[in-house]
Amino acid sequence: EAASLTHSEGAGGLAEWVLVELQGEVEPRQSSGLAGSLLGDLHYTREGVPVLIVGHHILYGKVVQLEKPFAVLVKKGAGEPDPTGPHTHYNVTALIKTKLLFKTRPKPIITNVPKKV
Amino acid sequence: AMRSRAEVDATLQTAKLNPAELLPAVHCLSFSPQAGAGECYLLQLEPGLCAELEAGRSLVIRGEKDEQAVLCSKDKTYDMKIADTSNMLLFIPGCKTAEQLNADQASCDIIHSQIAGFSNNYWELRRCRPKLKKLRKLLMEDPYEGPDSQKDPTLTFSKYTTEDLLSLIQASEEEILHQLQVINACKIEGSWRILEFDYEMKLLNHVTQLIDSESWSLSKVPLRTCLEELGSLEPKEMIEHILLSYGRRYIDDGEIYFEMHEDKICRAIAQMLLQNAVKFNLLEFQEVWQQSVPEGMTARLDQLKGLALVDKTSRPETIFLLKVEDLPEENQERFNSLFSIREKWTEVDITPYIQDLCAEKQTVGTLLTKYARSSMQNGVKVYNSRRPIS
């Protein structure tokens, strides 16, 4: 059985995505799950340090150029088992060469009074 | 509802961050509707693979249900393993780095980025030896015995084309094609076939007898004359195939010649002699062997590495057939098998039987350190098993 990883047909080659690495797990606020929900705001300082505000936390990170880049694979025709062919196809959708690593412990944001927008 | 500039600024204020110290652009990250579906996988790329993908080349994952999956590029094979991380990895399309934001002065607003997926594991690759033992096994299901084969023509056997082999063998295309050459396989009616050994020797014998009767130099055997003289005995493709298998093809003055490979021919003849008994008296064997090889060739024991083993402890000394390709492919199993054949091995004797196990940067020495224990015997260093062999 062979699964082929084909380069997705797109003009200008493969897209480049970015990886964001967070410590621990991300839990949804609502019971409806993560899909569609907000994670937070990603800023950069003028020196290029990434700053992520997630809920009541501020996370400071650093930009890491990956020694070993990642390929992002998406299963083609997922959810449809093919009874005739054994071939699973994975599309190489993007490459990731950079990651934003947030390793420092988050700083909690202390609020006294909720500010009206 | 998408976040507004006002909301972003309010958050900054609450967080007591000074907007003046930040770049004006902000990414508002949210999870795409498909983010949790788990259809996105991360594959960590070994050096060279990224460039292959960028050049538009494909990678293939190969493996039957009972095999551990490997990833193949055009010419290399990699083991695949899941690596877990205690962290959460989010993959974000269209997320810009600070450099990109600085370079593009127009972006000073909100960038709504959707997280395409997330994972806490990824596939790790490690270059491995191509798993080629199966190739020989498949082709040995139905070796080609020549046009006069006595085989029952009503029996149907699987025939393997290059495409078939690519989907069945856990190796890259180049590694497979190279191995086909090594085992002297040939294409007959579109399928790859390995010659039945007796038939192969029959073909070789036709050629060596002709060389002898024509008194040709072993390094200048003309293709044209071979085909003319032997074409009535065997198919021309088979004559050319045997010349290619046991010689080096070259062109001189517009004619095709072959420089016959002394070592390969002597080795094949040794196999032919040795397969007839469990073991032979070494001196007797060497005499018969030298008499059997073509005039002008010298039979030497070092031609038999990985094919036969000499027992220097028996009186008289003996030699027996032991083909490395008949031994297990996996490292530990290979060593177990070797140590059950002989308890203690010198490095010289064992090397031909473990050389093919060496991974990219491994040496025979590192393999021996890992899988064997050394001791001294009569002033010579020998290796034996680390564990008891039943």
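Residues numbered from 1 in each chain as written. Chains lettered and ligands numbered in written order. Predicted model: local features only at pLDDT ≥ 70, side-chain atom pairs only at ≥ 80, totals over all residues. Heavy atoms only, no water.

> Tell me what's going on with the overall build of chain B, and back it up with residues and numbers.
If you tally the helices and strands in chain B, you get 14 helices and 18 strands. Expected size for 390 residues packed as a compact globule is a radius of gyration near 21 Å; at 31 Å, chain B overshoots this value by more than 25%. Its C-alpha atoms put chain B at 95 × 60 × 45 Å along the principal axes. In chain B, which comprises 390 residues, the proportion classed as buried is 46%. For chain B, restricting intrachain contacts to residue pairs at least 6 apart in sequence, the fraction spanning at least 24 positions comes to 64%. (Helix = DSSP H or I, 4+ residues; strand = E, 2+ residues; numbered from the N terminus. Rg over C-alpha atoms; globule rule 2.2 N^0.38 Å. Buried < 20%, exposed > 50% of the residue type's maximum accessible area, 1.4 Å probe, protein only. Contact = heavy atoms within 4.5 Å.)

> A description of the interface of chain A and chain B should follow, citing residues and the corresponding values.
Listed by partner, the interface residues are 57 residues for chain A and 66 residues for chain B. Counting every contact that joins chain A to chain B gives three salt bridges. Residue E54(B) is joined to K97(A) by a salt bridge in which the shortest nitrogen-to-oxygen separation is 2.7 Å. Where chain A packs against chain B, one counts 19 residue pairs in polar contact (both at pLDDT 80 or more). Those elements that provide at least two residues to the side of chain A that touches chain B are β1 (2-7), β2 (15-23), β3 (38-44), β4 (50-54), β5 (57-60), β6 (62-75) and β7 (89-102) of chain A. Among the elements that make up the side of chain A that touches chain B, the one with the highest residue count is β6(A) (eight residues). Taken together, the residues of the side of chain A that touches chain B sort by class into 35 nonpolar, 13 polar and nine charged. Relative to strand β1 (residues 26-31) of chain B, β3(A) runs antiparallel, the two sharing four bridges. For L42(A), the partnering residue across the bridge sits in β1(B) and is H27(B). (Salt bridge = Lys/Arg side-chain N within 4 Å of Asp/Glu carboxyl O. Polar contact = N/O pair within 3.5 Å; in protein donor to acceptor, adjacent residues only side chain to side chain. Nonpolar A, V, L, I, M, F, W, Y, C, P; charged D, E, K, R; others polar. Pairing = 2+ DSSP bridges.)

> Report on unusual backbone geometry, specifying residues and quantitative values.
Residues and elements named next belong to chain B. Residue P316 follows R315 across a cis peptide bond; omega there is 0°. Within the fold, P316 resides in the loop between β14 (308-311) and β15 (318-321). A positive phi angle, close to 60°, is found at K16, a residue other than glycine. Structurally, K16 can be placed in the loop between α1 (5-14) and β1. Using a relative accessible area of 69% as the deciding quantity, one classes K16 as exposed. Positive phi, normally seen in glycine, also occurs at N378, with a value near 50°. By secondary structure assignment, the location of N378 is in the loop between β17 (372-377) and β18 (380-385).

> Would you mind going over the packing of helix α12 (residues 331-341) of chain B against helix α14 (residues 364-371) of chain B in detail, with residue names and values included?
All names here are of chain B. Closest axis-to-axis distance for the α12/α14 pair is 11 Å, and the angle between their directions is 80°. When the interaxial angle is binned, α12 and α14 end up roughly perpendicular. Here N331, Q332, F335 and F339 of α12 lie close against α14, whose contacting residues are L367, L368 and Y371. Tallied by class, the residues present in the contact of α12 with α14 amount to five nonpolar, two polar and no charged. (Axes fitted to C-alpha atoms, helices over the stretch in contact; angles between N-to-C directions. Parallel < 35°, antiparallel > 145°, perpendicular 65-115°, else oblique.)

> A description of the sheet that holds β14(B) should follow, citing residues and the corresponding values.
Residue and element names in this part refer to chain B. On the basis of which strands lie adjacent, the open sheet formed by three strands has the order β13-β15-β14 and antiparallel pairing. Because the sheet does not close on itself, it has two edges, and the strands there are β13 (280-281) and β14. Its contacts with the sheet place helix α10 (residues 262-274) against β13, β14 and β15, and it is angled at close to 95° to β15.

> Please provide a residue-by-residue account of the pairing of β14(B), values included.
Residues and elements named next belong to chain B. Across the two faces of β14 the burial is the same, with A308 and V310 and L309 and D311 all buried. Pairing of β14 with β15 involves four bridges; the strand directions are antiparallel. Residue pairing in the sheet places D311 in a bridge with T318 of β15. Between β14 and β15, which follow one another and run antiparallel, lie six residues.

> Give me the lowdown on the domain arrangement of chain B, citing residues and values where you can.
When its domains are assigned, chain B resolves into domain 1 (5-127), domain 2 (132-149 + 157-194), domain 3 (197-260) and domain 4 (296-385). Summarising the inter-unit geometry, the C-alpha centres of domain 1 of chain B and domain 3 of chain B are found 59 Å apart. (Domains from an automatic or database assignment.)

> Now, about the sheet that holds strand β10 (residues 221-222) of chain B: what can you tell me, with residues and values included?
Residue and element names in this part refer to chain B. Ordered in space as β10-β12-β11, the three strands form an open sheet in which the pairing is antiparallel. At either margin of the open sheet sits one strand with a lone partner, and together these are β10 and β11 (247-252). When β11 meets strand β12 (residues 255-260), the two strands line up antiparallel, connected through six bridges. Bridge pairing links D252 to E255 in β12.

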